[in-house]
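Examination of the molecular architecture
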Amino acid sequence: MRQELTFTTRLVDQVSKPVQQMQARLGGMANRARSSFKDIGTGMAGMWGSSHMTKSLLEPAIEYSRAERAVKSLGASQATLKALGDMAIKSSNEFGMGAEHIVQSAYAIQGGMGAALVDGALPRIANAADIMAKATRASNETATTYIASTYGVFQKYADKMGQAKWAEQLAGQTALAVKIYRTSGQQMADAFAVMGSTGAANGQSQASQLAILGNLQSMGLSGSVAGTQYEQFLTSIKGSGKKLGMNFTNSDGSLQDIMTILDKLHKRFGDLSKVKDQNLLKKALGSDVSVKFLLNMMNRLPQLQQEIANFGKVNGLGDAEKMAKDQVIGWDRLSQSITNVKLAISQGLNPALEPLANGMANVIGDVGSALHDFPNLARWIGYTAMSFSTMTAAASGMLMLKGFGKLFGFGTLGKDIGLLKLLFKMFMKFSGIDMVIGIFMRFIKMLKWLRGALIATRMWLIIFRNSMFMARAGAIAMVVWEGVAAAAMWVFGAATAFAAGAMQLLLSPITLIILGLAVLGFGIYYLVTHWDQLKASFMQTQAFQTLMDWAQKMGNVFASVWNSIKQGWNDLLAGIGNGYNWLVAKLNKLPGVSLDSTDLGKPPPSLGPALPGPDLGDMPKGGLKTSINNTKTAQQVDNSKHIDTVNITMPNGMSPGQLQEWQEMQAG
């Protein structure tokens, strides 16, 4: 029996020991994999955060520089680019628009207007386009295309007024049309795209065309259909005068304005409700489209006349700026203001970092060219990368195996969840026991909260009782103070009576002076003779010593706090200065970069030890003054004068008042 037990024990040891070793090695590899993945993940997260922060800081400047250099490629001057940047930042902060969008609008306008664009007008035109786009809820591309194409139609009028002022007026008029006719900037752009230069070539003003096209769109027509009807009518009305027996041209042969033409037709045909009149006009005009235009406009002539006048009064952005501001959200402005701050910072860093980026690009380009020239080197680099990837996959597999082992209960007991623990948790949850325990724990939390509330109530009652005690003590002190005040008033009355009696004695100024000197002398004498008693009664009391101790402690506390703040500030400045000097040292290694370091946070240079003074040797005290012998002491001159009795003779004698005045002067 004993031999069988020994055999069984050895057999178990020989079988379980390799399994335990294998399990230990597998667990060690999994732990190393977990630790390695954790370190790699932490490092990658830090690198990602750093790169993301750098990208977030530099991205506004990159986008802005890309848009600005696109405008510069079309021939814009440096002064125009500077003014454009200032205008873009200002409008961006005010309306919450991206500064790079305004610069992109400037690129479209520069390309659309071409050489006709006056130098210096580009910033204002781009700003007007962006404000109009925001007011009419159109895209920047639509707004810039609309202004550039409309300039080709009204070029003479725009050049005469001034291109920037005309663009602002067009933006304001378009915003007013969108506001009145409930259309959009895109629809107005489509209408003018169909109209082309037909209206301007036939002498129709910009205001009248906006009013006509807006009225047609308010009836449900799209912008392109409205432009088609208006363009067809202007084309066909010129040759219909002879057929209708009417004149629609001026003396110089140009077409009359649209309101004059519509008034003449309205006086003859009315509202065109008769089919006979419609057929006649169709025959004269040659198209159904022109007749539809007249049917749409005949009943709107008084309103149309007023609207054309209102469009003519627009001077500048006007309604466009107001409509854009009404749509601005404070959060958009805040976000864009923060972006503009990052833009300013990154623009300051760009001159130093862009050469670094170009240098890195050159190096990486050279590496790419070398790999193309040496394919074997590229292949071995690929092998190395694939090896690292394979090792990472193997470590991940080990970690997965350990996880499966824990899931099925093969892990260390007491540390791993295992399948049995998972089943136990599921039983607790679905049987309702977990819910009962949760309700009981919430009840315990409620009792704890109630206990805290009772403690707070008790503390409040204690504070209220103490405050009532202090109020009672204050009332007693008030009664005592009233008694003291009454006694003081009695003493004041007695002193007043005494003063009234003494005033008769103290009428003379000489008496007051003598009395004051006597009181002062007595006070000085008393202070000198009783100095120790006074000092002991005040400065050597326990209250005074306690007060001085508290003052010393408070002084030490404030001095310690101030020294801590001062040391922290110096450490912060030193850290910033060291970081900046390190960055400058790294950047100065690049070709063409030479930046100065800073002394920020460094202590001021020491003045060195004090120089020793001269050795006076055995020079006697008193200096040279004691060695000078004045030999002229015998030659003294006496300039004093002796005056005997002085008699003052008054012809009429002295009055009592003069006598009193003379006595006071003698007394000093």
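**Focus on the overall build of the protein chain**
Broken down by element type, the protein chain carries 25 helices and 0 strands. Taken across its 668 residues, the protein chain has 24% of its residues classed as buried. Accessible surface for the protein chain amounts to roughly 46900 Å². Of this, 64% is attributable to carbon and sulfur atoms.

**Focus: the pattern of salt bridges**
Counting across every chain of the model gives 7 salt bridges. R124 serves as the salt-bridge partner of E168, at 2.9 Å between the closest nitrogen and oxygen. Here E168 is found in helix α7 (residues 163–181), whereas its partner R124 is found in helix α4 (residues 122–136), with 44 residues between them in sequence. The class of E168 is buried, set by a relative accessible area of 15%. Assessed through its relative accessible area of 36%, R124 is described here as partly exposed. Among the salt bridges present, the one from D326 reaches K322, with a minimum N-O distance of 3.4 Å. Residue D326 and its partner K322 are located together in helix α17 (residues 319–326), separated by 4 residues, close to a single helical turn. Considered together, D326 and K322 belong to a single accessibility category, that of exposed residues.

**What to know about unusual backbone geometry**
The phi angle at R137 is positive, at roughly 60°, despite the residue not being glycine. In this structure, R137 sits in the loop between α4 and α5 (140–153). Even without being glycine, R182 reaches a positive phi, approximately 55°. The residue R182 is located in the loop between α7 and α8 (185–195) in this model. Given a relative accessible area of 69%, R182 falls into the exposed group.

**Side note on the environment of K82**
As for its position among the elements, K82 is in helix α2 (residues 78–95). When the C-alpha positions of K82 and E68 are compared, they lie 9.8 Å apart, and in sequence the two are 14 residues distant. At 2.9 Å, the side chain of K82 forms a polar contact with the side chain of D86.

**Here we look at helix α14 (residues 275–285)**
Buried residues of α14: D277, L281, A284 and L285, and no others. For α14, the angular spread of buried residues about the axis comes to 85°, placing them on one side. Exposed residues lying more than 90 degrees from the buried face of α14 are V275, K276 and K283. Against the buried residues of α14 lie α11 (223–237), α12 (241–244), α13 (258–269) and α15 (288–297). Looking at the residues trailing α14, positive phi occurs at G286, about 85°.

**A few points about the packing of α13 against α15**
Close contact between α13 and α15 brings their axes to 11 Å; oriented N to C, the two are set at 85°. It follows from the interaxial angle that α13 and α15 lie roughly perpendicular. Residue-level contacts link I258, L262 and L265 of α13 to F293, L294 and M297 of α15. Residue composition of the contact of α13 with α15, by class: 6 nonpolar, no polar and no charged.

**Details of the packing of aromatic side chains**
Where two aromatic rings form a pair, the distance of their centres and the angle of their planes describe that pair. In total, this model carries 7 aromatic pairs according to the counting rule given. Look at F154 and F192: their rings are 6.5 Å apart centre to centre, the planes differ by 70°, and that puts the pair in the edge-to-face class. Remark: F192 occurs in helix α8 and F154 occurs in the loop between α5 and α6 (155–161); sequence separation between them is 38 residues. Grouping residues by exposure puts F154 and F192 together as buried. Pairing Y181 with F311 gives two aromatic rings, centres 6.4 Å apart and planes at 25°, and the pair type is stacked.

**A short note on the packing of α8 against α11**
For the pair α8 and α11, the least separation of the axes is 7 Å and the interaxial angle reads 30°. With respect to α11, the axis of α8 lies roughly parallel. Relative to α11, the crossing made by α8 is right-handed. Contacts from Q187, D190, A191, V194 and M195 of α8 reach α11 at G223, S224, G227, T228, Y230, E231 and L234.

**Regarding the side chain of D130**
Relative to the helices and strands, D130 resides in helix α4. In this structure D130 is buried but unpaired, with K134 as the nearest side chain of opposite charge at 9.3 Å. Polar side-chain contacts of D130 include one of 2.9 Å to the side chain of N140. The contacts of D130, once residues within four sequence positions are left out, are M97, H101, I102, S105 and N140.

**Some points on the confidence of the model for the protein chain**
Residues at a pLDDT of 70 or more form 72% of the protein chain, whose mean pLDDT is 75. Between residues 411–420, whose pLDDT stays under 50, and residues either more than four places distant or in other chains, the model counts 15 contacts. Scored below 50 in pLDDT, residues 623–635 makes 1 contact in the model with residues more than four places away or belonging to other chains.

Analysis parameters
Residues numbered from 1 in each chain as written. Predicted model: local features only at pLDDT ≥ 70, side-chain atom pairs only at ≥ 80, totals over all residues. Heavy atoms only, no water. Helix = DSSP H or I, 4+ residues; strand = E, 2+ residues; numbered from the N terminus. Buried < 20%, exposed > 50% of the residue type's maximum accessible area, 1.4 Å probe, protein only. Areas by Shrake-Rupley, 256 points an atom, 1.4 Å probe, with all protein chains shown as cover. Salt bridge = Lys/Arg side-chain N within 4 Å of Asp/Glu carboxyl O. Polar contact = N/O pair within 3.5 Å; in protein donor to acceptor, adjacent residues only side chain to side chain. Arc of directions from axis to C-beta. Contact = heavy atoms within 4.5 Å. Axes fitted to C-alpha atoms, helices over the stretch in contact; angles between N-to-C directions. Parallel < 35°, antiparallel > 145°, perpendicular 65-115°, else oblique. Nonpolar A, V, L, I, M, F, W, Y, C, P; charged D, E, K, R; others polar. Phe/Tyr/Trp six-rings, centres within 6.5 Å; stacked < 30°, edge-to-face > 60°. Left-handed = near helix turned anticlockwise from the far one by under 90°. Lys, Arg positive; Asp, Glu negative; His and termini not counted. pLDDT = per-residue confidence, 0-100.

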